[in-house]
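Structure at a glance
Each chain is listed here by its residues.
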Amino acid sequence: MKRLISVFISLIILVCSASIGVEGYAADKRYAFDALADIQKSGGFVPGETAAVVGNCYGFISAVCEKLYGVKYQEGLNGDGYTCRHKTGYYYTVKTYKTTSSDTASCVDDIISFFVNNAYPGDIVHYSSLSGSTHTFMIQSIDEEKMLIYHSNYQTRTLSSSTCHIDPIYWSSFRANPTTTLYNSDGSLYSHNSLFYNKQKRGGLGMTINRFTNYEKLFYPNYMPPELSVSRSSSSSIKMSWSAVKGATKYRVQYKLNSASDYTTLSESCTATSYDVKNLTIGTKYNFRVCAYAGNKWQEYSNVITKKALPPTVSSVVFTPKSTGLNVKWAKKTDLSGVKLYRSTTADGTYSLIANLGGKANNYVDTNVKYGVTYYYKVERYVTNPNNANKPFSTTSKAFAGKYVLKTPVISYTRNSADSITFTFLGDNCQDSFDYYLLSDSNKTSTAVVNTDEAKLTLENLNVGEKYTLFVREKTKLAAGSYGSLSVTAAPRPVSNVNGAQRSNGIEISFSPQSDVDGYYIYRCSGGDYSNIAKLTGKTDKTYLDKTVKYNTNYKYIVKAYAFSETGEEVIGDASEASADVKVYLSAPSDVKAVRTSPSRITVSWAQDKNAVKYKLQYKEKGGKWQTAVITKKTSRVIKKLTLGKKYYFRVKSINSIGSGYYCKAVKKKLLPPTPEAPVLKCVKNGIKVSFKTKRYLSGFYIYRASSENGKYKLIKTVEGHKTKSFTDVDTDYGKTYYYKIASYIKNGNTIYKSSKSAASGIKLL
């Protein structure tokens with residue numbers, strides 16, 4: 001049994017409201033897990049009960065650290081909310097992770113690797129959105145399957161934020177649902193997948209793992225040495241591979257001649273778990289070993305392995321039938337003098353040399369084989385011995401069994417029309433040709449056995465509704481294989497281009513018509529099985545309107561064509577590909593506008609919706625109840641008898657024969673005099689004449705002037721009464737350009753209601 005983290009201490013169960021089983025770590029590498037388990041039996045630290053510190057996740061973890069390490073965690077967080085300013089010297093940052101992406105799914109594997117590769121039980125984790133919202137927790141346990149986190153002041157479905165608790169994150173669940181936390185049927189937490197997403201969706205995520213400085217001294221009392229294995233990678237190199245030592249920062253790699261007393265160090269800074277030892281002397285034995293640097297010192301050496309430098313032994317062979325024989329293939333090596341291939345008819349029989357090949361050879365076609373007979377092969381790799389030509393340096397593989405058998409062809413088909421089918425054959429790609437013959441429903445041979453070089457056969461003028469069975473086998477120069485067969489009934493080909501589109505009175509299904517059929521069946525589903533909803537009897541039909549749908553419900557459609565056989569039997573073809581989801585859905589009306597047309601009227605208008613039949617318009621006074629103004633086919637409506645000075649809200653929704661959509665966002669408008677048209681300007685003898693249109697209901701106008709179109713407009717005249725239609729501005733200078741705007745007003749008692757300013761008009765005084 002490998003000396004790895006494989007012998008687990010007895011399972012420690014902490015009873016908490018989430019009912020989470022917590023696993024112990026190997027006894028020879030306790031980490032902080034067992035000490036944490038002891039702490040979690042004390043009041044204020046028991047999962048599911050009120051936390052020792054309430055209202056401060058950081059403060060609770062600091063209290064846990066005081067019990068676990070004897071020193072509070074009093075490090076300050078940087079302004080980014082997740083990295084730490086280590087001030088006391090008792091803690092340090094192990095690793096930092098940051099992403100500006102708001103999409104957890106795009107970096108879920110990076111997050112998992114960040115924890116699995118760097119975190120230990122008892123580590124303190126800060127994580128935060130890059131905008132600053134942060135949380136602190138402690139690693140309870142971590143392995144390749146899941147991570148358990150210990151924290152407080154974080155509410156879950158069955159636990160309040162005042163409790164401390166242990167929450168699981170199962171990596172497989174996290175990968176599948178990176179933004180959704182999953183719960184068990186009893187409401188307890190299963191996997192806290194949305195833990196990081198809740199922060200990350202606010203503009204990115206930052207995390208740090210922080211550790212007690214003397215962690216290894218406390219929780220790594222004994223290190224197990226690496227478990228070493230070696231393999232030949234070439235004739236003069238041997239690859240060393242070993243198991244990782246948890247907590248190791250580097251490895252020392254050594255080797256020596258088997259006869260030597262001292263080892264040579266190849267590396268003292270290897271951070272990988274493998275090392276390729278090169279430039280060895282072929283035919284010579286070497287010893288190999290490795291040790292880990294962990295706990296601030298070099299630990300015990302691994303097991304010693306002795307290995308002779310020789311050509312690597314062939315470990316696998318692939319057998320493939322070829323046109324003339326059985327192809328035997330193995331991995332290529334470029335530093336060999338040659339390769340010999342041996343064969344026997346039994347695994348433990350006498351092996352005869354059948355080929356002596358060049359050093360770079362990696363395959364041989366054995367033409368002296370019989371169909372279906374099993375043969376056994378051994379591969380010898382060798383390098384010439386310069387000191388003894390009769391004794392090369394070589395290795396011989398174990399026996400590999402192979403036989404020459406041709407694949408039964410895989411047959412597929414495509415319908416060209418109701419009476420034509422194309423069959424395609426897929427074999428071993430070693431065949432020289434195919435044999436085939438055809439049987440009809442009546443079991444009469446339609447053709448004799450035919451040999452063809454083609455991997456395709458098209459049959460035409462078939463009887464619609466009749467079943468045809470095609471038999472095909474591979475054939476080479478050496479032998480013929482077994483027949484494969486496929487039975488197909490002549491029927492219409494699948495309908496193509498099936499689409500659904502919403503209309504004002506249902507969903508229209510369209511498809512490409514087929515001239516060789518007699519009609520179509522339409523099928524529909526909404527989350528369940530497909531059911532037939534219509535039969536079309538016209539050959540040229542290519543659309544169908546489904547009026548029986550429900551509003552805002554997704555539907556898919558498939559279409560099957562049918563044709564009549566010579567005996568009048570209806571033969572239905574294969575189903576088409578399903579349409580995309582389609583539904584009747586009306587969007588809220590857009591471009592909704594409310595325009596004042598008089599002191600008591602507002603015209604409401606909106607954009608036309610091609611799938612709407614009519615519209616429902618509602619309005620209300622501020623603080624009042626909605627009332628329907630009209631249900632109309634038009635896209636505008638004048639609402640009358642409104643009160644001057646009051647604020648009103650307007651909304652509209654679309655309606656068709658299937659249902660009605662949502663109301664648009666309410667448009668508000670205060671009832672004031674309508675905005676007047678831009679004034680008409682004219683140069684007169686003593687200045688500029690400003691003319692405007694007036695209405696009987698108006699009390700007068702305000703006239704504004706500016707020296708530029710977008711400049712500051714100042715009031716220059718108040719016109720009283722509705723009969724005055726112009727004003728002459730005499731405070732002007734020749735050669736200058738002036739711009740004017742006007743606003744109307746209505747006086748009601750002591751209250752004046754003023755319109756918005758009109759558009760500007762400009763003129764140069766000449």
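For every chain, the first residue of the written sequence is number 1, and numbering continues from 1 along that sequence. In keeping with the predicted nature of the model, local features appear solely for residues at pLDDT of at least 70, side-chain atom pairs appear and are counted solely at 80 or more, and the whole-chain, interface and lining totals rest on all residues. Water and hydrogen atoms were dropped before computing side-chain values, which therefore reflect all heavy atoms in the structure.

1. Digging into the overall build of the protein chain
Applied cut-off: Strands here are runs of E lasting at least two residues and helices are runs of H or I lasting at least four, both read from the DSSP assignment and numbered beginning at the N terminus. Each radius of gyration reported is based on C-alpha atoms, and the globular scaling rule is 2.2 Å times the count of residues to the power 0.38. Exposure categories follow from relative accessible area, calculated using a 1.4 Å probe and restricted to protein chains: below 20% of the type maximum is buried, above 50% is exposed, and the middle band is partly exposed.
Regarding its fold elements, the protein chain presents six helices and 57 strands. For a compact globule of 766 residues, the expected C-alpha radius of gyration is about 27 Å, and the protein chain comes in at 43 Å, more than 25% above that figure. The dimensions of the protein chain, computed from C-alpha atoms along their principal axes, are 130 × 95 × 65 Å. With 766 residues in all, the protein chain has 45% of them scored as buried.

2. Remarks on unusual backbone geometry
The phi angle at Asn279 is positive, at roughly 60 degrees, despite the residue not being glycine. Position of Asn279 among the secondary structure elements: in the loop between β17 (274–277) and β18 (285–294). Despite not being glycine, Asn429 shows a phi value in the positive range, around 65 degrees. Structurally, the position occupied by Asn429 is in the loop between β30 (420–426) and β31 (433–439). On the basis of relative accessible area, Asn429 is assigned to the exposed category, the value being 67%.

3. Some words on the sheet that holds strand β25 (residues 363–366)
Counted only if it meets this: Only when DSSP finds a minimum of two bridges between them are two strands counted as paired. Between N-to-C directions, angles span 0 to 180 degrees; the directions come from axes that are lines fitted to C-alpha atoms, helices contributing only their stretch in contact.
The three strands are arranged β21-β22-β25 in an open sheet whose pairing can be described as antiparallel. Looking at the sheet topology across the chains shown, the edges are occupied by β21 (318–321) and β25. Direction aside, neighbouring strands of the sheet carry axes that sit 20 degrees apart on average. Relative to strand β22 (residues 326–329), β21 runs antiparallel, the two being bridged by four bridges. Bridging across to β22, Thr320 finds its partner in Asn327.

4. A closer look at the sheet that holds strand β40 (residues 543–546)
Pairing is antiparallel across the open sheet formed by three strands, whose spatial order is β36-β37-β40. Every interior strand has two partners, whereas the edge strands, β36 (499–503) and β40, have only one. Taking the axes of each pair of neighbouring strands and ignoring which way they run, one obtains an average angle of 25 degrees across the sheet.

5. Considering the side chain of Arg381
Using the following cut-off: Think of it this way: Lys and Arg go in the positive column, Asp and Glu in the negative one, and His and the chain ends go nowhere. Counted as salt bridges are all cases of a side-chain nitrogen of Lys or Arg within 4 Å of a carboxyl oxygen of Asp or Glu. Under the rule applied, a polar contact is a pair of N or O atoms within 3.5 Å (in protein, one hydrogen donor and one hydrogen acceptor; residues adjacent in sequence only if both atoms are side-chain atoms).
Within the secondary structure layout, Arg381 lies in strand β26 (residues 374–383). The charged side chain of Arg381 is buried without a salt bridge, its nearest counter-charge being Asp335 at 7.6 Å. A polar contact is formed between the side chain of Arg381 and the backbone oxygen of Ala331, at a distance of 2.7 Å.

6. Here we look at the pattern of salt bridges
Inspection of every chain in the model, using the stated rule, returns 21 salt bridges. Each of the salt bridges in this network shares a partner with another, and the network as a whole consists of Asp435, Arg473 and Lys475.

7. Focus on the environment of Gln74
Here is the rule we go by: The criterion used for residue contact is that any of the two residues' heavy atoms lie within 4.5 Å.
Following the sequence through the fold, Gln74 ends up in the loop between α2 (57–69) and β3 (76–77). Along the backbone, Gln74 and Glu300 are 226 residues apart, and their C-alpha atoms lie at a distance of 36 Å. Setting aside chain neighbours within four positions, we find Gln74 in contact with Tyr58 and Lys87.

8. Things to note about the nonpolar core
For clarity, the threshold we go by: Among the buried residues, those of types Ala, Val, Leu, Ile, Met, Phe, Trp, Tyr and Cys that are joined through side-chain atoms within 4.5 Å form a nonpolar core.
Among the nonpolar cores identified, the biggest contains 27 residues, and Phe60, Cys65, Leu68, Tyr69, Tyr91, Met138 and Tyr150 are the most heavily contacted of them. Of all the elements in the fold, those that place two or more residues in this core are α1 (33–39), α2, β8 (146–152), β9 (164–170) and α6 (215–219). It is α2 that provides the largest number of residues to this core, a total of seven residues. Counting 25 residues, the second-largest nonpolar core is a separate cluster that includes Phe114, Val116, Val125 and Ile169.

9. Examining α2
Since one α-helical turn is 3.6 residues long, residues separated by three or four positions face the same way. Under the convention used in this document: To estimate the expected span of a helix, count its residues, drop one, and scale the result by 1.5 Å.
For α2, built from 13 residues, the straight-helix expectation of 18 Å at 1.5 Å per residue is met to within 8% by its first-to-last C-alpha distance of 18 Å. For α2, the tally of buried residues reaches ten of 13 residues, placing the bulk of the element in the interior. With a side-chain oxygen lying 3.1 Å from the backbone nitrogen of Tyr58, the N-terminal cap of α2 falls on Asn56. Trailing α2 by a residue or two, Gly70 shows a phi angle of about 85 degrees, which is positive.

10. Concerning the confidence of the model for the protein chain
Any residue range with low pLDDT should be treated as having predicted coordinates unsuitable for detailed reading. So the rule is basically this: Residue-level confidence of the predictor is summarised by pLDDT, bounded by 0 at the bottom and 100 at the top.
Overall, the predicted model of the protein chain reaches an average pLDDT of 91, with 95% of residues at or above 70. Across residues 1–30 the pLDDT falls below 50, and counting only partners more than four positions away or on other chains, this stretch makes 74 contacts in the model.

11. Thoughts on the pairing of β36
Bridging between β36 and strand β37 (residues 506–510) involves five bridges; their strand directions are antiparallel. If you follow Arg503 over to β37, its bridge partner there is Gly506. Where β36 folds back on β37, the antiparallel hairpin that results is connected by two residues.

12. Here we look at the layout of surface pockets
Let me state the cut-off plainly: The distinction between a cavity and a pocket rests on a 1 Å grid over the protein atoms alone: a 1.4 Å probe fits inside a cavity but cannot get out, while a pocket stays open yet meets protein on both sides within 12 Å along at least five of seven lines, and a residue with an atom within 4 Å of a point counts as lining. Grid points are joined across faces, edges and corners, and a volume is the space filled by probe spheres set on the points. Residue classes follow a fixed rule: Ala, Val, Leu, Ile, Met, Phe, Trp, Tyr, Cys and Pro count as nonpolar, while Asp, Glu, Lys and Arg count as charged, and any other residue, Gly among them, counts as polar.
Space inside the second largest pocket adds up to approximately 280 Å³. Lining the second largest pocket are 17 residues, with Pro676, Glu677, Lys693, Thr694 and Lys695 positioned closest to its centre. Split by residue class, the lining of the second largest pocket holds ten nonpolar, four polar and three charged.

13. A few points about a positive patch on the surface
What counts is decided by this rule: To count toward a patch, a residue needs a relative accessible area over 30% and no salt bridge; like charges are then connected within 9 Å, while nonpolar side chains (Val, Leu, Ile, Met, Phe, Trp, Tyr) are connected within 5 Å. We get accessible surface area from the Shrake-Rupley algorithm with a probe of 1.4 Å; when it comes to residues, only the shown protein chains can shield them. The atom standing in for a charge is NZ when the residue is Lys, CZ when it is Arg, CG when it is Asp and CD when it is Glu.
Together, Arg601, Lys634, Arg637, Lys640 and Lys641 line one region of the surface with positive charge. As for its position among the elements, Lys634 is in the loop between β46 (627–632) and β47 (636–639).

14. Side note on the state of the cysteines
Heads up, the condition is: Criterion for a disulfide: a pair of cysteine sulfur atoms within 2.5 Å.
Going through the model one piece at a time under the given rule, you end up with zero disulfides. In this structure Cys84 is a free cysteine whose sulfur lies 10 Å from that of Cys65, the closest cysteine sulfur available.

15. Observations regarding the environment of Lys246
By the element assignment, Lys246 lies in the loop between β14 (237–242) and β15 (250–257). Along the backbone, Lys246 and Asn117 are 129 residues apart, and their C-alpha atoms lie at a distance of 9.8 Å.

16. Focus on the packing of aromatic side chains
As a reminder, the rule being used: Aromatic rings from Phe, Tyr and Trp, taking only the six-membered ring of Trp, are treated as a pair when their centres fall within 6.5 Å; an angle between ring planes under 30 degrees marks them as stacked, one over 60 as edge-to-face, and anything in between as tilted. Only when the NZ atom of a Lys or the CZ atom of an Arg is both within 6 Å of the ring centre and within 35 degrees of the ring normal do we say a charge sits over the ring.
One pass over the structure, following the stated rule, counts 37 aromatic pairs. Taking 5.4 Å as the distance between ring centres and 75 degrees as the angle between the ring planes, the aromatic pair formed by Phe60 and Tyr150 counts as edge-to-face. One end of the pair, Phe60, is in helix α2; the other, Tyr150, is in strand β8, and 90 residues separate them in sequence. Each member of the pair, Phe60 as well as Tyr150, carries the same accessibility label: buried. By the ring-pair criterion, three or more aromatic residues cluster together here, those being Tyr97, Phe114, Phe115, Tyr127, Phe137, Trp171, Phe174 and Phe196. Note that Arg157 overlies the ring of Tyr183, its terminal NZ or CZ placed 3.7 Å from the centroid.

17. With respect to the environment of Val582
Relative to the helices and strands, Val582 is located in the loop between β42 (570–572) and β43 (593–598). Take Val582: its relative accessible area is 8%, and that puts it in the buried class. For the pair formed by Val582 and Thr469, sequence separation is 113 residues and the distance between their alpha carbons is 39 Å. Leaving out residues up to four positions away in the same chain, Val582 has contacts with Gly500, Ala501, Gln502, Ile507, Thr553, Asn554, Tyr555 and Tyr557.

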